[in-house]
Every structure is written in C-alpha cells, then in structure tokens.
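Examination of the molecular architecture
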Amino acid sequence: MSEPFYPAKSGDPILADTWNNMQIKTRDEIRAHTHRGADDGRQLDGDSISATSWLKVSRVDAAVSLSVGGVDLASKLSTLDTQKLALAGGSLTGPLSVNANVGIGVAAGTKRLLVVAPGSGNQNAPLELRSGGDTGWGIGAVIRTTGGTEGAGLVLRSRAKSWQLRGEQGATATGLQITEDGGDADTGSGLGTPRIHIKSGGSVGLNTTDPQGALDIRLTGAAAGFDRFVVNTTTDWGSGAAQVTIGAGGGTGLMINNPHVIWHKTENRASIRYGLSGGVATGLFWDVGARVGNAFSFSVNGTQTMWMGADGSVGIGTVTPGARLDIQGGGLRVSGAIMPSIGNAPGNGIQFPEDAWGGTGDAAFIRYYRVPNPLPGEEENGRLVIACTNEPGDSIIFNQAGAERMTLVNGFVGVGTPRPSTPLHILQQASNSGLRIQENTSGRFMDICFEGQGTFHLFHSNGNGQWMQQDGIWRGPSDASLKDNITSLQDILPRVLALRPVSFNWKNTGDLNLGLVAQEVETVFPELVSELKLESAGGKVIKGLAHQAFSVLAIAALKELKQQYDERLAALEQRLQNQELKS
C-alpha cells in the first residue's frame, strides 16, 4: 500500500466519519491480506507466528514442504497412497471402513482379511480378539450370515485336512455342526461331512444330524437299531419318574465291552446297583460287584445273598463259604443233571461235612469211580459207593412217603425196619406182602411171606405152593375145589415094587444120601419125573423127582397089598370052613 485511504495535512482535524471508515478499511485489509510479501506486505519468516498462537486458514499451499510436529506431511501423504495405513505404535480411534481385501503381515490375498504370523522364532499367535469382559457378555467376535440358507461358519485348516465349525444348513435351521472337509474354494469347497451336531435345545449327535436323545453316537457297520449309543430320559423305569436311559431302538439299555468299575474306598466296593425292582417305592436295590478280601457278591438292600471268594468258593446265605458251594438257610433245587467229579477221594463225588456231631473220622459221601488196575475186559466197570462210615451204628436209609423203607447198617439190610438183626431182615408192611422172586421173561413168580396168624407160605404164581403153620409142619394145597379128574390109583403095588431104593454119594460134596434114581423112576412113574435146564452149567439138563408123591404111592400100594391080603385070608377061611363041613 503506497497511498493513504484518507489523505490529510498536518494539523487537520480527524472527523468521526473518517475515523470510522478508516477502521473499517483497516479491518478489511487485514482480512484480505495474504502475507505474500513484496509490494503487498513483508514476507513472514520462521518465527513470525508465536508457537502458542492459533492459526485458522482455509488453505495451505507450500511450495517446498510442510512439516507438522516434525513430520513431513507431503512425504507422509505420498506413503499413504501406497500403504493406505501404517502405524508404528499408538492407537486408531473412530470407525474404519475398508472396501478391499486387507493383508496383515502379508500382501492382501483372496480373503477380506489375511493375517500371517511372523517367522517361526516368534511364539505369538497371529490374531487375538479381546473383550473387556464387562460388556457384550464377553463376546470377542461375531461371525454371521445375513441371508440365504447357509449357516455362519469357521474353517480350521491343518495341512490337507479341513474342519468346519458352522451353523446348520437351512433357512430356518438353528443347530450347530462340526463338519469334516469342505469349506471355501481354497479349502475344498462344500458343507463337509457332519461329525458333531448340536440341536437347538442342547441335544448332541456324533455322526448323525438327528440325535434321538441328549447324546446320540452312531457307529457304522452295526445292524440298524444296534448302531448307536443314546442318552435320553424315560418313564418306563423305576417308579414312573423320569430316569436317565442309555440306548435306543433294538439296543435299548447299556451294552459295554470290557467295562471297568472303580473301587469306592468309603463304601468298600466296586459294584453296579439295580433297582428299585418293580418300579415301586417298596422295591429292592440289587448291588452286584467286588467286595473286600478280593470277593464278589450279590446283595439285596445291603444284605449279602450270594458271595464268591477269590478261590472260587461260592456261598449262598453266607459270606464265609466252607466248600466250593456252601448253601446256608435253604435247600438246593436243580432242574438239570448234577455232575460231580469221579474218583475215590475226599475231593470227588458228593462229600458231606466230616465229624458233624463231634469225634473224629466220621464221614459220609457218594462217589463214582473205577477200580485201579482193572482186569482185562473190566476196563469200563464202574463202582457207585454210598457211604456212611466209622461208627458201627452208622446207617444208610432209603426213605419214601415219609417212612424208612430200607436201611443198611453194620452189614445188615433191613426192609421196612430201621434196625435189621440179620443180613436180610424184612418187616412186612401188610399180610401176603413179603418177598417176591419173578422170572425175567415169562412173568411167573414165587411169593414168600407170612399170610397172617403166624402162617408162612411159599406159593407159585399159578397158585401152587406150600405153607407152614406155627407147628413147623409144611403143608400143601389139596382142597377138592382145586382139583379136576379125581381118579383112584390102580395097580400101583407092582410098579412100587419095581422101584429100586439106593444109597449114594453126591458128586459135588461127597455126602452120603438115600433115595431113588430119576431115570429108573421115569420107566415106572414118568409123571413124577421132570427136567431142569441149568443155565449156570452151560445149559445142561438134569432130571428131578416129586418126592412128596411117593407117600401117596406108598398108601396106594399098602391098600392094594391089604386088599390082596384080605382076599387071600378070606379064601383061606373059606377053605377051612369047607374042610370042617366035610369032616
């Protein structure tokens, strides 16, 4: 500025209008001044503006450089054109929007954000998401889809294998899955094969997307219904309240191979409990498992019902079995065969407790064995021994219908009596029910018994026989009602006189005896001779006589002899009478 806005001479007064207009002009000039220097004003040097001053401009045009806080703004802005964002420490505040792929630690790739960890010497993870923990429920990151049918997912890639953590596919699906393989174009593409599926509500499926319980594990290769391990609840067990069940379909229940039940040190057991039986409050608990002393047992409501020792001995009703099987407080019922060991030793067969009533050496047992060193042809001959031994009065009794039917004591056998006094002692249970001996093929038999009133008889099944009354005399049946074709004997005397009584010695004993020879009798009285085939003598046939019949022959012969005597005596008397008359 070379000329004044309002020229004046020395001594001229300053008018009010002039003064006011001069202020306005000065203000306008200051506002419009560019500080360019030259004719328009002096150029500002480096310290012309105070460091504490505020400077407000609408534009800064630096011909050489512009520095702010020691940073060359021109160079910094040139770098941002290629690096976009480069920070060395400090923080970034405010929203940040990036509309292209971003690489951290590496050039941007095909992903919106690619983070690469430093070299192998650095042990830090390439990415960490933090939350203050007092807001947003501690959520550090949210991955979501905003439309379509695909669930939000996260891919974990290890070498050539991909695993996905993803939402269930479907426009309305709400489940969570871990799938094997698949992913995006870089990791295999696709949804992958579901391995773990969590349904809305918490049901978990392994190898199935439709878990049938709280936990459903499916296995390949098993039959349908038996290919799963399912944890669920049911009201079919117990008292009707909901209970946890394991299994589904045909495999309902728990099927485990080689389970291991751990020892409960405070209860001294490693066992499994079952109950309540019947599904009612009064039902029983069964406890099955290992006990102290290396034992195994079944208990009901805490009471041991069956106990097995470490040596294999089993006690029923006792926890201290004294034998391989010890049953206390009850009997033993077996629907099949009992097969004890064979042999003639205390450990074989069926052995009863020794010295049960004191003393020593008392024993009772049943054993089946073969005699040592059998003779040729007897290798398969066995012996069944029933023994009650050591005391003379020990006995073996066969009881039937509540009565002692047969007793063996001290070598004597009693039938119907508990105290036999002879090697065979039979006490009849009724008249005519003694001893019967029956032929093996024909059914014929002989009865030997007392008939009552002290009469003892021996009768054939055809009714023939003999009996003895208390007088000791043998008698035989001779009642007329038993006989047909009764005929008097004739001409007996000559035939009786033809018999030859003899004395002889028996060949088998040498004993002297008197009698007749059957072959000689047969020529005179063949009806009195019979034959017997001796099977024990190789089928030899011998002849025998009905000796009791000879008394009848003697009577008949005497009668004929008397008749002859009477006839001769009568003839002699007649001759004497005739001579007397002649004289």
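In this text the structure is predicted, and so the values were computed from the model without any measurement.

**Description of the overall build of the protein chain**
Counting its secondary structure elements, the protein chain contains 5 helices and 34 strands. Its C-alpha radius of gyration of 66 Å places the protein chain more than 25% over the 25 Å reference for a compact globule of 583 residues. Each principal axis of the C-alpha distribution contributes one length, and for the protein chain these read about 265 × 55 × 50 Å. The burial tally for the protein chain puts 16% of its 583 residues in the buried class. Per element, the accessible surface of the protein chain, about 44,500 Å² overall, is 55% carbon and sulfur. Across the protein chain, 48 positive and 55 negative side-chain charges occur, with their mean positions spaced 3 Å apart.

**Comments concerning the sheet that holds strand E30 (residues 474–475)**
Judged by pairing direction, the sheet is antiparallel, and its 5 strands sit side by side in the order E26-E27-E28-E29-E30 without closing on themselves. Two strands close off the open sheet at either side, each with one partner strand: strand E26 (435–438) and E30. Here 6 bridges tie strand E27 (residues 445–452) to strand E28 (residues 455–460), and the two strands are oriented antiparallel to one another. Looking at the pairing, Phe450 lines up with Phe456 of E28.

**Things to note about the sheet that holds strand E20 (residues 363–370)**
Strand order in this open sheet of 3 strands is E19-E20-E21, and the pairing throughout is antiparallel. Edge strands, defined here as strands with exactly one partner in the open sheet, are strand E19 (350–351) and strand E21 (382–389). In this structure, E20 lies alongside E21, joined through 8 bridges in antiparallel fashion. Bridge pairing links Arg367 to Val385 in E21.

**Some words on the pairing of strand E23 (residues 403–409)**
In the sheet, strand E22 (residues 395–400) pairs with E23 via 6 bridges, with the strands oriented antiparallel. By the bridge assignment, Ile396 is partnered in E23 with Leu408. Connecting the antiparallel pair E22 and E23 is a turn made up of 2 residues, with Ala401 showing a positive phi of about 55°. With 4 bridges connecting them, E23 and strand E24 (residues 412–415) associate as antiparallel partners. Across the sheet, the residue bridging to Thr407 is Gly414, located in E24. Here E23 hands over to E24 after 2 residues, with Asn410 in that stretch at a positive phi of 55°.

**Side note on the confidence of the model for the protein chain**
When pLDDT drops low, the exact placement of atoms in the prediction is not to be read closely. Summing up the model confidence of the protein chain, the mean pLDDT is 85 and the portion of residues at 70 or higher is 91%. Confidence scores differ between elements of the protein chain, with helix H2 (residues 73–83) showing the lowest mean pLDDT of 73 and strand E31 (residues 502–505) the highest of 96.

**Some thoughts on the packing of aromatic side chains**
Considering all chains together, one arrives at 5 aromatic pairs under this definition. When the ring of Phe296 is compared with that of Phe298, the centres are 6.0 Å apart and the planes differ by 80°; the resulting orientation is edge-to-face. An angle of 5° between the planes, with centres 6.1 Å apart, marks the rings of Phe459 and Trp467 as stacked. Accessibility expressed as a relative area gives 17% for Phe459, which makes it buried. Pairwise contacts between aromatic rings join Phe450, Phe456 and Trp474 into one cluster. Sitting over the face of the ring of Phe365, Arg367 holds its NZ or CZ atom 3.5 Å from the ring centroid. Against the face of Phe445 rests Arg436, its NZ or CZ located 3.7 Å from the ring centre.

**What to know about the pattern of salt bridges**
Inspection of every chain in the model, using the stated rule, returns 22 salt bridges. Here Lys111 ties to Asp184 by a salt bridge, and the two come within 3.4 Å at their closest N and O atoms. Here Lys111, found in the loop between strand E3 (102–104) and strand E4 (113–115), pairs with Asp184, found in the loop between strand E7 (176–180) and strand E8 (193–198); they are 73 residues apart in sequence, far enough to count as distant. Looking at Lys111, the relative accessible area reads 30%, which means it is partly exposed. Residues joined by salt bridges that share partners form a network here, namely Glu267, Arg269, Arg273, Asp287 and Arg291.

**Re the nonpolar core**
Core analysis: the largest hydrophobic core is formed by 15 residues, its most contacted members being Val521, Phe525 and Phe550. Broken down by element, this core gets its largest block of residues, 5 residues, from helix H5 (residues 549–582).

**Let's talk about the pairing of E7**
In the sheet, strand E6 (residues 161–167) pairs with E7 via 5 bridges, with the strands oriented antiparallel. Residue pairing across strands places Arg166 opposite Gln177, the latter belonging to E7. Where E7 meets E8, 5 bridges bridge the pair, whose relative direction is antiparallel. Across the sheet, residue Gln177 finds its bridge partner in E8, namely His197.

**Observations regarding the environment of Val231**
Structurally, Val231 is set in strand E11 (residues 228–234). Val231 sits in the partly exposed class, given a relative accessible area of 21%. Spatially, the C-alpha atoms of Val231 and Leu215 are 5.0 Å apart, while their sequence positions differ by 16 residues. Residue contacts for Val231: discarding those within four places in its chain leaves Gly213, Ala214, Leu215, Val244, Thr245 and Ile246.

The rules we used
Residues numbered from 1 in each chain as written. Predicted model: local features only at pLDDT ≥ 70, side-chain atom pairs only at ≥ 80, totals over all residues. Heavy atoms only, no water. Helix = DSSP H or I, 4+ residues; strand = E, 2+ residues; numbered from the N terminus. Rg over C-alpha atoms; globule rule 2.2 N^0.38 Å. Buried < 20%, exposed > 50% of the residue type's maximum accessible area, 1.4 Å probe, protein only. Areas by Shrake-Rupley, 256 points an atom, 1.4 Å probe, with all protein chains shown as cover. Lys, Arg positive; Asp, Glu negative; His and termini not counted. Charge placed at Lys NZ, Arg CZ, Asp CG, Glu CD. Pairing = 2+ DSSP bridges. pLDDT = per-residue confidence, 0-100. Phe/Tyr/Trp six-rings, centres within 6.5 Å; stacked < 30°, edge-to-face > 60°. Lys NZ or Arg CZ within 6 Å of the ring centre and 35° of its normal. Salt bridge = Lys/Arg side-chain N within 4 Å of Asp/Glu carboxyl O. Core = buried A, V, L, I, M, F, W, Y, C linked by side-chain atoms within 4.5 Å. Contact = heavy atoms within 4.5 Å.

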